[in-house]
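Below are the chains, spelled out letter by letter.
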Amino acid sequence: MRVYVPLTLSGLAAVHGAGEIGPGPLTAYAVTPGLREWYVSDDIEELEYAALNRAASASLRLIAGRPQEARRRVVVALDVPDGVAVADPDHVLDASSLGEVRIAGAVALSKAAAVHVDADDAEKDVSAAAAALGAADLGDDDAQFTVDGAEDHELLWFGIQEIPGLIA
């Protein structure tokens, strides 16, 4: 099963140094029955893209809570055995947690399929989105528009061997 773990650049550096993502429990995003129902698609690539975007939104929340953090969203795509990532049955119908899964323990970085990171030119919009996130959560339409602006930036794909260059 492919899961998407939201991180920050400093979090990616820590993961790289430790050789694993953890300790558990980890919050990640995957193609869950709730995400399938919400997205109304049977195309696995579209569904995985939706899960990746959910993880990118969670990365934005991590950035917003850390003023010193680089303003670039980071998501690590991991392949884990079926049954390792479990959706919380109490949150299955909660729109804010669509696709959210828990992984009980740490996962070796060697299980990563890829790392997805914002390009440098996204930093301004990601910074503005992080600053506007609280107001957007309270229903401010202008703030939500700013948050959505970060989503206009596609995350770039990197192999795990490229992590040292990303965190340098």
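Refer to the preceding data block for the structure.
These figures come from a predicted structure and were not determined experimentally.

A. Summary view of the pattern of salt bridges. For the structure shown, the criterion picks out five salt bridges. Between Arg 73 and Asp 118 there is a salt bridge whose closest N-O contact spans 2.8 Å. With Arg 73 in the loop between α3 (44–64) and β4 (74–79) and Asp 118 in the loop between β8 (112–117) and α4 (123–137), the pair connects residues that are 45 residues apart, well separated along the chain. Residues Arg 73 and Asp 118 agree in their burial class; the two are buried. A salt bridge links Arg 102 to Glu 100, with the nearest nitrogen and oxygen atoms 3.0 Å apart.

B. Quick look at the environment of Glu 154. Its place among the elements puts Glu 154 in the loop between α5 (141–151) and β9 (156–158). According to the relative accessible area criterion, Glu 154 is partly exposed, its value standing at 49%. A distance of 2.7 Å separates the side chain of Glu 154 from the side chain of Tyr 49, its partner in a polar contact.

C. Representation of α5. Buried within α5 we find Ala 143, Val 147, Gly 149 and Ala 150. Projection of α5 onto a plane perpendicular to its axis shows the buried side chains occupying an angular sector of 145°, all on one side. Exposed and facing more than 90 degrees away from the buried side of α5 are Asp 141, Asp 142 and Phe 145. One side-chain oxygen of the residue at the start of α5 lies 2.9 Å from the amide nitrogen of Asp 142, identifying that residue as Asp 140.

D. Expanded view of the packing of α3 against α4. Viewed as axis vectors pointing N to C, α3 and α4 meet at an angle of 90°, and their least axial separation amounts to 9 Å. Taken together, α3 and α4 sit at an angle that is classed as roughly perpendicular. Contact residues: α3 offers Leu 60, Arg 61, Ile 63 and Ala 64, while α4 offers Val 126, Ala 129, Ala 130, Leu 133 and Asp 137. In terms of residue class, the contact of α3 with α4 is built from seven nonpolar, no polar and two charged.

E. Region of the structure containing the packing of α4 against α5. Relative orientation of the contacting elements α4 and α5 amounts to 145°, with a least axis distance of 7 Å. Considering how the two elements wind past one another, α4 and α5 form a crossing that is left-handed. Across the interface between the two elements, Asp 125, Val 126, Ala 128, Ala 129, Ala 132, Leu 133, Ala 135 and Ala 136 of α4 pack against Ala 143, Gln 144, Thr 146, Val 147, Gly 149 and Ala 150 of α5. Grouping the constituent residues of the contact of α4 with α5 by class yields 10 nonpolar, three polar and one charged.

Rules of the game
Residues numbered from 1 in each chain as written. Predicted model: local features only at pLDDT ≥ 70, side-chain atom pairs only at ≥ 80, totals over all residues. Heavy atoms only, no water. Salt bridge = Lys/Arg side-chain N within 4 Å of Asp/Glu carboxyl O. Helix = DSSP H or I, 4+ residues; strand = E, 2+ residues; numbered from the N terminus. Buried < 20%, exposed > 50% of the residue type's maximum accessible area, 1.4 Å probe, protein only. Polar contact = N/O pair within 3.5 Å; in protein donor to acceptor, adjacent residues only side chain to side chain. Arc of directions from axis to C-beta. Axes fitted to C-alpha atoms, helices over the stretch in contact; angles between N-to-C directions. Parallel < 35°, antiparallel > 145°, perpendicular 65-115°, else oblique. Contact = heavy atoms within 4.5 Å. Nonpolar A, V, L, I, M, F, W, Y, C, P; charged D, E, K, R; others polar. Left-handed = near helix turned anticlockwise from the far one by under 90°.

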